[in-house]
Each structure stands twice: as C-alpha cells, then as structure tokens.
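One letter stands for each residue in the lines below.
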Amino acid sequence: MADDSSYVARATVIDILLRHGVEVSCDNGGPGGTEMVILVKGEKLDSRKLPVEVSRPVLRYLARLFDIPIHHFYNPHMAPMKPSERIQ
C-alpha cells in the first residue's frame with residue numbers, strides 16, 4: 001500500500017501551481033480562513049483549504065485536475081520556470 005503520510009509545504013504547492021499557469025487567489029481572513037485558496041486554470045476551478053502541510057491525496061487531486069506531474073511538488077527544481085525568472 002502507498003504511503004499517504006508525505007506532506008509538502010503550502011508555499012511550495014502554491015509555487016508549483018503558479019509555475020504551471022494556475023492562478024492562485026488566497027483568502028486572507030475571510031469566511032474560509034487564511035488557509036482558503038481559489039485555483040483557476042482555463043475552465044478548471046477549485047476552491048479549498050490548503051493547510052500549512054499539504055497531504056499526498058490533495059497533491060494527487062491537484063496534479064490530476066491541473067495536469068501537473070506529481071513529482072514537481074516533491075522536486076520543485078524540475079518544474080517550469082516562472083516567466084519572470086532568468087537562467088544565470
């Protein structure tokens with residue numbers, strides 16, 4: 001059976017989503033609390049709480065929904081560069 005105890009920091013998850021063209025809107029203190037995010041890519045939309053440590057099942061869901069290779073969450077250096085980044 002797969003190990004579902006692997007977690008990734010919320011900041012890393014958001015960074016990877018942004019690198020794959022997902023728009024991320026955070027709710028800072030609204031009714032959903034500070035962990036609530038709205039995710040949009042094309043016609044795909046999701047709204048959920050992202051805790052400080054995001055679990056593997058949530059990462060799998062986000063990877064499938066937004067067509068992101070799951071290993072990018074665990075190896076961020078493999079994700080595409082942001083448009084604002086330059087190779088040095």
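Residues numbered from 1 in each chain as written. Predicted model: local features only at pLDDT ≥ 70, side-chain atom pairs only at ≥ 80, totals over all residues. Heavy atoms only, no water.

(A) The overall build of the chain, seen in detail. Of regular secondary structure, the chain possesses three helices and five strands. Along its sequence from the N terminus, the chain presents helices and strands in the succession β-α-β-β-β-β-α-α. Going through the 88 residues of the chain one by one, you find that 30% of them count as buried. Contacts spanning at least 24 positions in sequence make up 45% of the contacts within the chain whose residues lie at least 6 apart. On the chain, roughly 5,600 Å² of surface is accessible, and the fraction owed to carbon and sulfur atoms is 55%. (Helix = DSSP H or I, 4+ residues; strand = E, 2+ residues; numbered from the N terminus. Buried < 20%, exposed > 50% of the residue type's maximum accessible area, 1.4 Å probe, protein only. Contact = heavy atoms within 4.5 Å. Areas by Shrake-Rupley, 256 points an atom, 1.4 Å probe, with all protein chains shown as cover.)

(B) View of the sheet that holds strand β3 (residues 36–41). In space, the three strands of this open sheet follow the order β2-β3-β4, with antiparallel pairing throughout. The sheet terminates laterally at β2 (23–26) and β4 (44–49), the two strands that pair on one side only. Ignoring strand direction, the axes of neighbouring strands in this sheet form an average angle of 15 degrees. In terms of strand pairing, β2 meets β3 through four bridges, oriented antiparallel. When the sheet's bridge partners are listed, C26 is paired in β3 with V37. Along the sheet, helix α2 (residues 56–66) makes contact with β3 and β4, crossing β4 at roughly 165 degrees. (Pairing = 2+ DSSP bridges. Axes fitted to C-alpha atoms, helices over the stretch in contact; angles between N-to-C directions.)

(C) Focus on the environment of V52. Locating V52 in the fold gives a position in the loop between β4 and β5 (53–55). When the C-alpha positions of V52 and Y7 are compared, they lie 9.4 Å apart, and in sequence the two are 45 residues distant. The residues touching V52, leaving out its near neighbours within four places in the chain, are V8, A9, R10 and E35.

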